[in-house]
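# Architecture and fold: a report
Spelled out, the chains give:
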Amino acid sequence: MKITYNWLKDFVDIKISPRELADKLTMAGLEVVSLEEKSGDFVLEIEITSNRPDWLSLSGIAREVAAITNAKLKVENYKPTKKIKNRSSLKIEIENKKDCSLYAARIINGVKVGPSPEWLSKRLELVGCRSVNNLVDITNYVLFELGEPLHAFDLDKLIQDKIFVRRGKLGEKILTIDGIERTLSRNILVIADRERSVAIAGVMGGSNTEVGFTTKNILLEAAVFNPVLVRRGRQELGLQSEASYRFERGVDTGIAEKASSRAVELISEICGGSEILYKVNGSVKPKAREIILNLPDLTRILGVNISAIKVKQILSKLGFIVKERSKNVFSVGIPSFRQDVNLPEDLIEEIARIFGYEHIPISLPKVLPKVNIRERRDLVSNIKNILIGLGLNEAITYSLTDSKILNDLNPAFGAIEIMNPLSQEQGFLRTTLLPGLIRAIAHNLNQKLEYAALFEIGNVFLRINNTPHEELRLGIALSGTKKMLLNEAAFKDELGLLNLKGIIEALFTRLGIKNYEFINQAHGFKVDICLNKEPVGLISTLDSALLDKFNIKNKDVFTLEVSLEKILTLANLGKRYVPLPRYPGITRDISFILKQENSVKDLLSVLQEKGRPLLRSLEITDYYKGRQIPAGYRGLTLSCTYGSSERTLTEEEIIPVHKLICSMLTELFSAKIR
Amino acid sequence: MDINIILAEIDLEINNINSPENLEQFRLKYLGRKGIVAQLTATIPTLSQGERASFGQQVNALKNKLSLLLEEKQRGNSANNSPRESASFDIGMPGIVQELGHLHPLTQVTEEICTIFNRMGFSIVEGPEIESEYNNFTGLNIPLEHPSREAFDTFYLKDYSKMLLRSHTSPVQVRAMKDRKVPLAIIVPGRVYRPDAVDASHSFMFHQVEGFMVDKGIRFSDLKGVLEEFSKAIFGKDIKMRFRPHFFPFTEPSAEVDISCIICKGIGCSVCGRKGWLEILGSGMIHPNVFNHVGINSKEYTGFAFGMGVERIAMLKYGINDIRLFFENDLRFLRQF
């Protein structure tokens with residue numbers, strides 16, 4: 001909300017500069033977001049929190065200024081007006097008192113509508129309100145002064161016997177003063193005469209009864225409408241105004257009549273005319289409320305002692321009625337404009353605010369020594385560190401995505417839909433991490449990067465037994481050729497499925513996970529990652545149709561997705577020392593060619609078994625395809641290390657077992673030794 | 001040839017060598033394919049069975065000595081910084097290493113925040129991203145039809161009534177206070193969602209860290225103390241702090257916390273909007289209504305709570321000006337952290 005420095009001075013003696021005032025207001029919870037010198041005045045823009053509708057007026061802010069600068073409020077001095085009755089007595093019918101607790105109407109005859117005097121239009125313009133005509137400007141002026149939205153109807157355009165405050169009818173329409181036709185409903189409160197609605201209550205007037213330069217007689221409305229109803233109405237209509245902004249936050253029932261009197265005063269001064277009727281329907285007096293405040297509670301919550309005198313002074317300045325019941329116990333009367341104050345804690349905040357948060361000391365709580373268990377989180381952070389050690393970069397991608405891509409990648413699951421998405425692209429919760437990762441890969445390839453290797457650890461959202469379920473997963477996507485400089489050459493590695501396998505193996509080894517295997521699916525380049533024979537994840541190559549959808553050209557993309565839930569429970573970081581071999585081993589290499597269809601995994605497990613007990617380890621140390629290798633074969637080098645825990649082996653001792661290994665290679669696996 | 005004479009000669013010869021070229025000649029003379037050692041070895045088969053073993057040993061000894069001498073001389077030469085050797089090595093070449101990956105900057109900042117509080121004795125607790133309307137709003141004293149809800153616009157799920165994507169990490173307060181026993185000192189990192197159109201400073205998905213402490217005798221002054229420790233730990237010892245009154249439905253009294261601008265040190269610049277202060281978190285004393293919802297007696301216990309946006313802290317810390325960079329996952333961006 002915008003206010004001006006000089007206007008504020010109408011309500012309170014200010015002895016400090018606009019800059020100082022802005023700082024003090026900010027530190028009291030009225031954050032001044034801008035201060036500007038304009039046409040001989042200063043405009044302060046203040047962010048008002050939603051709990052303080054009483055600050056949506058100059059008089060409310062003046063009260064605050066009086067409290068924080070210990071200044072005097074200028075007494076509001078409006079002529080008290082009596083209810084006036086006359087023959088053409090107007091009736092006010094309120095359909096439901098819950099919708100409208102108070103409706104005050106005045107009829108003023110013989111007004112002259114014209115342009116506003118300069119002081120009036122200037123003040124309104126400084127606070128961001130367009131000048132319309134003197135009459136409308138006066139209603140707005142009073143709104144800014146006192147926080148009560150007023151509305152003036154052209155009386156001669158109304159059917160004058162009765163004013164109705166009722167809900168809109170289905171299909172009913174009204175043209176509002178902004179020139180837009182609005183369709184009403186039962187959720188919307190309207191002001192109406194016998195035949196039609198003439199205003200959307202608390203939001204905007206109708207053009208059918210709008211005040212203009214030809215207006216002679218007016219009906220001036222000052223009412224209090226139900227905040228929830230005004231809120232629903234303006235949401236349904238997508239229409240917000242200074243009035244609705246205040247009504248939905250709560251207008252002080254105690255101010256409505258005062259505001260109406262203030263407007264009459266200004267109207268007779270500026271527009272002439274005389275009041276001929278004043279009528280009120282509804283209750284004016286809100287229930288008196290009292291809160292008991294114990295000073296020890298204040299110290300218990302704030303950690304500072306504030307004297308009883310100071311407490312009393314602060315609360316009184318803010319408009320509370322403070323009585324001392326006994327030592328350090330106050331009964332505090334709550335004024336009608338403070339509907340937000342309901343508990344002693346609310347009063348304690350008021351005291352702390354004015355006392356100044358900066359004057360509350362700094363202390364540290366006693367903390368009980370306690371071992372903080374964060375197993376799951378530590379494991380996840382462990383996994384992330386392993387992955388970055390393997391050269392992968394961590395990505396964070398959106399959990400919301402479109403259903404099409406989810407269907408392409410993960411058709412088995414019905415994704416959970418968002419009721420109110422921002423767009424279709426963010427209409428569903430992801431059931432797989434892959435769309436985000438592949439998008440990130442595509443983005444990086446588009447930036448002409450040679451390769452990209454990304455991972456994400458995050459939740460996917462699944463329907464399980466028709467309840468929403470979150471599952472923590474690891475996703476990896478890689479693509480391109482990784483170049484690496486060596487001592488005397490460069491090395492190029494075209495990333496592929498085996499890189500993903502290697503990453504998982506390294507990860508599982510570090511996490512102490514055993515009993516895992518990789519199983520080729522029957523079709524395509526898809527490999528299940530199984531833990532204890534149960535699939536927990538999938539390694540795959542994206543097919544060309546998918547690559548097209550992500551706009552990836554001339555590159556393959558390899559992905560991995562694995563559920564971390566089981567992995568986190570099976571992880572075992574416990575270690576057990578195995579004595580180091582006391583005697584050196586002897587290594588013998590065998591180079592051979594092997595048919596493509598013969599699995600290296602089978603070969604290794606069979607040889608390892610047969611080589612016992614002297615065969616210490618088996619390792620593939622070279623792999624090549626090329627001109628020297630016949631089609632359908634690959635060249636491999638197998639390093640066999642033999643050793644014993646009892647003595648150093650001699651050449652003679654390893655000859656038989658090495659011969660056995662060689663013969664098994666040729667006989668069982670049709671390998672040809674080179 | 002008498003091996004003992006050869007042994008004596010090589011000692012003399014090696015001492016006179018002063019260039020790598022001469023050393024190579026020396027090597028070829030003795031150890032080359034047709035060198036003296038090869039010639040001696042070739043004579044072995046011509047010897048009698050009895051002579052072979054001892055002669056073989058002598059040849060081997062000679063060979064070992066030659067290798068040793070050559071090695072020593074070579075080492076000496078390179079230590080003398082001979083021009084040939086230094087020309088062959090350029091330390092200006094890139095070092096050879098397997099590239100390390102990078103943790104996402106948001107992960108790094110979250111971890112840093114959590115670690116600071118962890119060291120102060122807070123436990124890390126996480127909660128689900130799909131939440132009930134109750135935990136996200138009602139339990140936190142946020143009335144359903146009230147303008148205060150505006151700050152917490154929320155994504156709702158279609159097929160599950162009253163279920164939503166949490167709009168802040170505060171629902172974990174409700175969960176933890178229900179499930180655990182006081183005293184509590186908890187820190188909650190997590191993903192949150194709000195239907196904000198994406199631009200340089202808004203994102204429909206972002207990250208928060210929430211913290212709270214509940215015990216007998218927890219005071220507003222303790223909140224100030226804990227947050228001051230935190231700010232100094234993360235932004236540096238010289239940082240100034242201020243607590244401004246504010247409104248949050250789940251705390252009373254509530255405070256917004258500003259730090260002196262880390263760019264201009266409080267003078268006023270474009271980053272802090274000429275204010276000299278940067279807002280970094282919201283905080284306050286836990287509202288009695290929140291305690292009532294979870295069955296904690298607010299006459300006996302008090303507590304404080306605070307929450308901050310991880311993206312905001314990361315943007316300030318690293319000087320990032322567009323929140324979208326965090327979710328684009330451009331490697332040229334990620335590799336900077």
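As the structure is a computational prediction, the values presented were derived from the model and not from experiment. Positions within a chain are numbered from 1, following the residues in the order the chain's sequence is written. As they are written, the chains are lettered A onward and the ligands numbered 1 onward, keeping that order. Reporting in this predicted model follows two pLDDT cut-offs: at least 70 for local features of residues, and 80 or more for side-chain atom pairs to be given and counted; totals over whole chains, interfaces and linings ignore these cut-offs and use all residues. To obtain the side-chain values, all non-hydrogen atoms of the structure were used and water was disregarded.

## Some details on the overall build of chain B
Basically, it comes down to this: Only DSSP runs of H or I covering at least 4 residues are called helices, and only runs of E covering at least 2 are called strands; the numbering of each starts at the N terminus. Radius of gyration means the value over C-alpha atoms here, while the globule rule gives 2.2 Å times the residue count to the 0.38 power. Residue burial is assigned from relative accessible area. The probe radius is 1.4 Å, only protein chains are included, and a residue is buried under 20% of its type maximum, exposed over 50%, and partly exposed in between. Any two residues whose heavy atoms approach within 4.5 Å at even a single point are treated as in contact. Surface accessibility follows the Shrake-Rupley procedure with a 1.4 Å probe radius. Residue values consider only the protein chains on display as shielding. Neither His nor the chain termini are counted; the positive set is Lys and Arg, and the negative set is Asp and Glu. Charge placement uses NZ in Lys and CZ in Arg. For Asp and Glu, CG and CD serve respectively.
For chain B, the count of helices and strands is 13 helices and nine strands. Here the C-alpha radius of gyration of chain B, 37 Å, is well above what a compact globule of 337 residues would show, namely 20 Å. Its C-alpha atoms put chain B at 110 × 50 × 45 Å along the principal axes. Looking at chain B as a whole, 54% of its 337 residues are labelled buried. Within chain B, counting contacts between residues at least 6 apart in sequence, those at least 24 apart form 65% of the total. Taken as a whole, chain B presents about 15,500 Å² of accessible surface, with 51% of it coming from carbon and sulfur. Across chain B, the centroid of the 38 positively charged side chains sits 1 Å from that of the 40 negatively charged ones.

## So, the pattern of salt bridges
Keep this limit in mind: For this document, the term salt bridge refers to a Lys or Arg side-chain nitrogen within 4 Å of an Asp or Glu carboxyl oxygen.
Overall, the coordinates contain 62 salt bridges over all chains when judged by the stated rule. Linking R377(A) and E126(B) is a salt bridge whose minimum nitrogen-to-oxygen distance equals 3.1 Å. Taken together, the positions of R377(A) in helix α12 (residues 375-389) and E126(B) in the loop between β1 (123-124) and β2 (130-132) put the pair across two chains. Residue classification places R377(A) among the buried positions, given a relative accessible area of 13%. Judged by relative accessible area, E126(B) falls into the partly exposed class, the value being 44%. In this structure, K501(A) engages E505(A) in a salt bridge whose closest nitrogen and oxygen atoms are separated by 4.0 Å. You can see K501(A) and its partner E505(A) sitting in helix α15 (residues 497-511), four residues apart, about one turn around the helix. Relative accessible area serves as the criterion here: at 29%, E505(A) is assigned to the partly exposed category.

## A short note on the domain arrangement of chain A
We count it as follows: Those domain boundaries reflect an automatic or database domain assignment.
Taken domain by domain, chain A comprises domain 1 (2-69), domain 2 (91-282), domain 3 (289-359), domain 4 (375-570) and domain 5 (586-673). Of note, the centres of domain 3 of chain A and domain 5 of chain A, computed from C-alpha atoms alone, are 86 Å apart.

## Focus on the packing of aromatic side chains
To describe a pair of aromatic rings, one takes the distance between the centres and the angle between the planes. Let me state the cut-off plainly: Here the aromatic set is Phe, Tyr and Trp, taking the six-membered ring for Trp, and pairing holds for ring centres within 6.5 Å; pairs whose planes are under 30 degrees apart are stacked, those over 60 apart are edge-to-face, and all others are tilted. Working rule: Lys NZ or Arg CZ, within 6 Å of ring centre, within 35 degrees of ring normal, means a charge sits over the ring.
Within the structure shown, the criterion is met by 23 aromatic pairs over all chains. Ring plane angle 85 degrees and centroid distance 6.0 Å describe the contact between Y516(A) and F518(A), whose orientation is recorded as edge-to-face. With relative accessibility at 16%, the residue F518(A) sits in the buried group. A connected cluster of aromatic rings, assembled from ring pairs, spans Y398(A), F155(B), F204(B), Y318(B), F326(B), F327(B), F333(B) and F337(B). Here the guanidinium or amino end of R63(A) rests over the ring plane of F337(A), the centre of that ring lying 3.6 Å away. Here R106(A) stacks its cationic end above the ring of Y278(A), 3.7 Å away from the centre of that ring.

## Notes on the interface of chain A and chain B
In plain terms, the rule: For any pair of parts, buried area is found by adding up, for both, the accessible area (1.4 Å probe) each one loses once the two are put together. Any pair of nitrogen or oxygen atoms within 3.5 Å is treated as a polar contact; in protein, a donor-acceptor pairing is required on top of that, and neighbouring residues in sequence qualify only through side-chain atoms on both sides. Amino acids are sorted into nonpolar (Ala, Val, Leu, Ile, Met, Phe, Trp, Tyr, Cys and Pro), charged (Asp, Glu, Lys and Arg) and polar (every other residue, Gly among them).
Taken residue by residue, the interface counts 87 residues in chain A and 93 residues in chain B. Regarding the contact of chain A and chain B, the summed buried area is about 8,100 Å², with carbon and sulfur atoms giving 56% of it. In this assembly, chain A and chain B are joined by seven salt bridges. At the junction of chain A with chain B, the criterion picks out 39 residue pairs in polar contact (both at pLDDT 80 or more). Take the side of chain A that touches chain B: its biggest share by element is eight residues, from strand β21 (residues 451-464) of chain A. Tallied by class, residues from the side of chain A that touches chain B come to 39 nonpolar, 25 polar and 23 charged.

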